[in-house]
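The residues making up each chain are set out below.
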Amino acid sequence: KWFVGWNTYAFWMGCILTGHWVLAHECGHGAFSPSQTFNDFWGFIMHQALLVPYFAWQYTHAKHHRRTNNTMDGESHTPNTREEMGLKNNVERHGGYAAIHEAIGDGPFAFLQVFAHLVIGWPLYLLGLASTGRLGNDGKPLDGDIMDHYRPWSKMFPAKIRAKIAVSTIGVIASWVGLCFAAQEYGVLPVTLWYMGPLMWNQAWLVLYTWLQHNDPSVPQYGPDEWTWVKGALSTIDRPYGIFDFFHHKIGSTHVAHHLFHEMPFYKADVATAAIKAYLEPKGLYNYDPTPWYKAMWRVAKTCHYVDDLNGIQYYKSLEDIPLSKDLKKD
């Protein structure tokens, strides 16, 4: 009963906190209030309470909207190439994720993908260790440098916003200090149960949304030679999330409209989505997948592993379609 009770609390409180996270997301876009000062004030408070460096995320999320599904300069869930996944000559596995996939099999590897995204994906992204773009703010390749959300001098950010980045980082540090004081006063276990459990579900939800909104075997990823802002925005996918639409302000089921008009208030996004669908769907330009989100998550985890190249129009491919090394040796 203890285990079930606290996990039930963590799940639903994390669900509710994701609604707060979405409101701060609206503030970051300037869509919550006509006053950007008001937006930044409340967005900062709501995001810092969830250990999100508000101004740093505000900048990188704006870049995500500017460069959606750009294989080089996109931000968050930038696709890996076959070489980065450990493939050579299209079919030979020589290490990395390709070798892990062969060692553990299709299902366990898909589970590993889900775990990596939903459990550790968000902190790794903020630390610059996963899912960032390949170019710094100056447009130059990173050459091994890490683009994190905490250092004001990170290659992620232009010099003019370094003060804001510092404020965000100080805010996150202050939040952690507050949690340490709470742990000393009340104990580590109460802080973990009341705060960290819901926070992990909150982080899982926000990564899930971004993952499923822009990744599917049917949706293209564009190299710099093919990418345009409109192509990127129209490569967004709306999906049904059932009751969670109520808690999360329909962020997943109206995301095409959000990418086309990111400063539009969320509470009219369903009206805008209906109009956009009526216009784009007859032209074959509206992406909607009626698959339940949990089934779509599993499908994406099994099929969206890498792209062949960073140029041209690319579609995700799956390691499940690559022959096993032992089978190649037999041939």
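Residues numbered from 1 in each chain as written. Predicted model: local features only at pLDDT ≥ 70, side-chain atom pairs only at ≥ 80, totals over all residues. Heavy atoms only, no water.

S.K.: Now, about the packing of helix α5 (residues 106-118) against helix α13 (residues 293-303): what can you tell me, with residues and values included?
M.R.: Two numbers describe how α5 lies on α13: the axes approach to 8 Å, and their chain directions differ by 110°. With respect to each other, α5 and α13 are oriented roughly perpendicular. Judged by the twist between their axes, the crossing of α5 over α13 is right-handed. Residues D106, G107, A110, F111, Q113, V114 and L118 of α5 touch α13, and the partners they reach there are M297, W298, A301 and K302. (Axes fitted to C-alpha atoms, helices over the stretch in contact; angles between N-to-C directions. Helix = DSSP H or I, 4+ residues; strand = E, 2+ residues; numbered from the N terminus. Parallel < 35°, antiparallel > 145°, perpendicular 65-115°, else oblique. Left-handed = near helix turned anticlockwise from the far one by under 90°. Contact = heavy atoms within 4.5 Å.)

S.K.: Before we move on, could you go through α13 and cite the residues and values that matter?
M.R.: Buried residues of α13: W293, A296, M297, V300 and A301, and no others. On an axial view of α13, the arc spanned by its buried residues comes to 135°, and they lie on one face. Where the residues of α13 are buried, they touch α5, α8 (188-214) and α10 (244-247). (Buried < 20%, exposed > 50% of the residue type's maximum accessible area, 1.4 Å probe, protein only. Arc of directions from axis to C-beta.)

S.K.: Now, about the pattern of salt bridges: what can you tell me, with residues and values included?
M.R.: The full count for this structure, using the stated rule, is 17 salt bridges. With a shortest N-O distance of 3.3 Å, K63 and D73 are connected by a salt bridge. A residue pair is termed long-range when its members are at least 10 positions apart, and K63 in helix α3 (residues 54-66) and D73 in the loop between α3 and β1 (87-88) qualify at 10 residues. Taking relative accessible area as the criterion, K63 reaches 7% and is therefore assigned buried. Ionic pairing is found between E83 and R82, a salt bridge with its closest N-O pair at 3.4 Å. Here the salt bridges share partners, and the residues they tie into one network are K63, R67, D73 and E75. (Salt bridge = Lys/Arg side-chain N within 4 Å of Asp/Glu carboxyl O.)

S.K.: An account of the side chain of T169 is requested, with residue identities and associated values reported.
M.R.: Assignment of secondary structure puts T169 in helix α7 (residues 162-186). The class for T169 is buried, based on a relative accessible area of 16%. Of the polar contacts made by the side chain of T169, one reaches the backbone oxygen of Y150; its length is 2.6 Å. Leave out the neighbours within four places in its chain, and T169 touches H149 and Y150. (Polar contact = N/O pair within 3.5 Å; in protein donor to acceptor, adjacent residues only side chain to side chain.)

S.K.: Can you lay out the nonpolar core for me, pointing to particular residues and giving the numbers?
M.R.: In terms of nonpolar packing, the biggest core is built from 37 residues, with L118, W122, W205, L208, W211 and F244 touching the most fellow members. Those elements that place two or more of their residues in this core are α1 (2-29), α5, α6 (121-126), α8 and α13. Tallying contributions element by element places α8 first for this core, with 11 residues. Once you skip the residues sitting within four places of it in the chain, W122 turns out to touch W21, V52, W57, H117, Q203, L206 and V207. One finds L260, A269, I276 and L280 within the second-largest nonpolar core, a separate group that totals 11 residues. (Core = buried A, V, L, I, M, F, W, Y, C linked by side-chain atoms within 4.5 Å.)

S.K.: Outline the packing of α1 against α3, supporting the account with residue identities and numerical values.
M.R.: Running from N to C, α1 and α3 point in directions that differ by 75°, and their axes come no closer than 10 Å. On the basis of their axis angle, the class for α1 and α3 is roughly perpendicular. Listed contacts from α3 to W21, A24, H25, C27, G28 and H29 of α1 are Y54, W57, Q58, H61 and H65. Here the residues of the contact of α1 with α3 are counted per class, giving five nonpolar, six polar and no charged. (Nonpolar A, V, L, I, M, F, W, Y, C, P; charged D, E, K, R; others polar.)

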